[in-house]
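In case you want the letters, here they are:
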Amino acid sequence: MKEVINILVTRVEQHQINSYHYLYHYCNDLCFKSKNLYNYANYIVRQEFINNNEWIRYNSLDKMLKHEQVYKELPAQTSQQILRLLDKNWKSFFKAIKDWIKNKEKYLGKPKLPKYKKKNGRNVVIFTNQQCKIKDGYIKFPKTDLKLKTKVIEGLQQVRIVPKGSIYVIEVVYKKEIPNMIRESNRVVGIDLGLDNFVTMVNNIGETPIVINGKGIKSINQYYNKQSNYSATS
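A brief structural summary. The shown structure was predicted, so the numbers you read here are calculated from the model rather than taken from an experiment.

### Focus on the sheet that holds strand 4 (residues 138-140)
(1) Moving on: Spatial strand order, 3-4-5: three strands in an open sheet with antiparallel pairing. Edge positions in the open sheet fall to strand 3 (133-135) and strand 5 (147-149), since each of these has one partner strand only. The average angle at which neighbouring strand axes cross in this sheet is 30°, direction not considered.
(2) Moving on: Sheet topology note: the strand 3/strand 4 ladder contains three bridges and is antiparallel. Residue pairing in the sheet places Lys-135 in a bridge with Tyr-138 of strand 4.

Rendered as structure tokens:
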């Protein structure tokens, strides 16, 4: 069965920032500081795991680092997003280790600990929709007067600054409602029409199948046909 609905989809608007763009130095500075925090936090997590076989999760790590200068050089929610990303990478590492133990033939070797970013590298920067706001067709970045023109009107989720070689890509992530979409239902009914059983109906939701006996209807139909034939020959 099909139904017409409105659905929310995630869309991304991208802006390329090259070295001549007025936002380039802003992006470059933030992504460098993001790398510093990521590596600093990763060092702490790695040492705890190597020395004590313990995994420092996001909440504990955030409490440990929130007063550190490397944390405070970025907006607080941005620093939190970087630590969440690191926690996600460690979670993927432990998942890979479990799979490696069971299926070693799938791997070239034992999965390694999450790596550090290059010393002079850059790391993604993430702003939440509490930090960035859209006003009069522009995105306003936190703790600065810098703005970026956007076609996004509403539904802002986050803004990401992603290093891409010699440029940066600013990704504006937003939700958009798509009206009148047709969705196939996963609640299915199968109906079979017959003679002895006039209707047999089954479903995939656990309800008791329905069977309508067709013998009574069949008898009435036979009697009607017999009467029709009798009248035609009289």
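Back to the text.
### Examining the environment of Phe-141
(1) Moving on: Residue placement: Phe-141 occurs in the loop between strand 4 and strand 5.
(2) Moving on: It is 8.3 Å that separates the C-alpha atoms of Phe-141 and Phe-127, two residues lying 14 residues apart in sequence.
(3) Moving on: When sequence neighbours within four positions are dropped, the list of residues in contact with Phe-141 reads Leu-23, Tyr-26, Phe-127, Cys-132, Leu-146, Lys-147, Leu-148, Val-159 and Ile-170.

### What about the pattern of salt bridges?
(1) Moving on: Taken as a whole and judged by the stated rule, the model has four salt bridges.
(2) Moving on: Residue Asp-87 is joined to Arg-57 by a salt bridge in which the shortest nitrogen-to-oxygen separation is 2.8 Å. Linking Asp-87 in helix 4 (residues 76-102) with Arg-57 in the loop between helix 1 (24-52) and helix 2 (58-65), this pair joins segments that are 30 residues apart in sequence.
(3) Moving on: Judged by relative accessible area, which is 12%, Asp-87 ranks as buried.

### Here's the deal with unusual backbone geometry
(1) Moving on: For Asp-136, which is not a glycine, the phi torsion comes out positive at approximately 55°.
(2) Moving on: For Asp-136, the location among the structural elements is in the loop between strand 3 and strand 4.
(3) Moving on: Judged by relative accessible area, Asp-136 falls into the exposed class, the value being 67%.
(4) Moving on: The backbone of Lys-143 sits at a positive phi, close to 55°, despite the residue not being glycine.
(5) Moving on: For Lys-143, the position within the fold is in the loop between strand 4 and strand 5.

### Focus: the nonpolar core
(1) Moving on: Within the largest apolar cluster, 42 residues are counted, with the highest numbers of intra-cluster contacts made by Leu-61, Phe-127, Phe-141, Ile-161 and Ile-170.
(2) Moving on: Contributing elements (two or more residues each) for this core: helix 1, helix 2, helix 3 (69-72), helix 4, strand 2 (125-128), strand 6 (156-164) and strand 7 (167-184).
(3) Moving on: The leading source of residues in this core is helix 1, at eleven residues.

### Some remarks on the side chain of Thr-128
(1) Moving on: Its place among the elements puts Thr-128 in strand 2.
(2) Moving on: A distance of 2.6 Å separates a polar atom in the side chain of Thr-128 from a polar atom in the side chain of Gln-77.

### Topic: the packing of helix 1 against helix 4
(1) Moving on: Where helix 1 meets helix 4, the closest approach of the two axes is 10 Å, and the angle between their N-to-C directions is 40°. The orientation of helix 1 with respect to helix 4, classified from their angle, is oblique. Classified by chirality, the crossing of helix 4 by helix 1 is right-handed. Facing helix 1, whose interface residues are Ser-34, Leu-37, Tyr-38, Ala-41, Asn-42, Val-45, Arg-46 and Phe-49, helix 4 presents Ser-79, Ile-82, Leu-83, Leu-86, Asn-89, Trp-90, Phe-93 and Phe-94.
(2) Moving on: When grouped by side-chain class, the residues that make up the contact of helix 1 with helix 4 number eleven nonpolar, four polar and one charged.

### Some remarks on helix 1
(1) Moving on: Between its terminal C-alpha atoms helix 1 stretches 42 Å, which fits the 42 Å expected from 29 residues at 1.5 Å a residue.
(2) Moving on: Taken from the residues just after helix 1, Asn-53 is the one with a positive phi, measuring 55°.

### Some thoughts on the packing of helix 1 against helix 2
(1) Moving on: At a minimum axis distance of 11 Å, the contact between helix 1 and helix 2 shows a crossing angle of 115°. As far as their axial angle goes, helix 2 and helix 1 are roughly perpendicular. Every pair of crossing elements has a handedness; the one defined by helix 1 and helix 2 is right-handed. Seen from helix 1, the contacting residues are Leu-37, Tyr-40, Ala-41, Ile-44 and Val-45; seen from helix 2, they are Leu-61, Met-64 and Leu-65.
(2) Moving on: A class-by-class count of the residues in the contact of helix 1 with helix 2 yields eight nonpolar, no polar and no charged.

What counts, and where the lines are drawn
- Residues numbered from 1 in each chain as written.
- Predicted model: local features only at pLDDT ≥ 70, side-chain atom pairs only at ≥ 80, totals over all residues.
- Heavy atoms only, no water.
- Pairing = 2+ DSSP bridges.
- Helix = DSSP H or I, 4+ residues; strand = E, 2+ residues; numbered from the N terminus.
- Axes fitted to C-alpha atoms, helices over the stretch in contact; angles between N-to-C directions.
- Contact = heavy atoms within 4.5 Å.
- Salt bridge = Lys/Arg side-chain N within 4 Å of Asp/Glu carboxyl O.
- Buried < 20%, exposed > 50% of the residue type's maximum accessible area, 1.4 Å probe, protein only.
- Core = buried A, V, L, I, M, F, W, Y, C linked by side-chain atoms within 4.5 Å.
- Polar contact = N/O pair within 3.5 Å; in protein donor to acceptor, adjacent residues only side chain to side chain.
- Parallel < 35°, antiparallel > 145°, perpendicular 65-115°, else oblique.
- Left-handed = near helix turned anticlockwise from the far one by under 90°.
- Nonpolar A, V, L, I, M, F, W, Y, C, P; charged D, E, K, R; others polar.
- Expected span 1.5 Å × (residues − 1).

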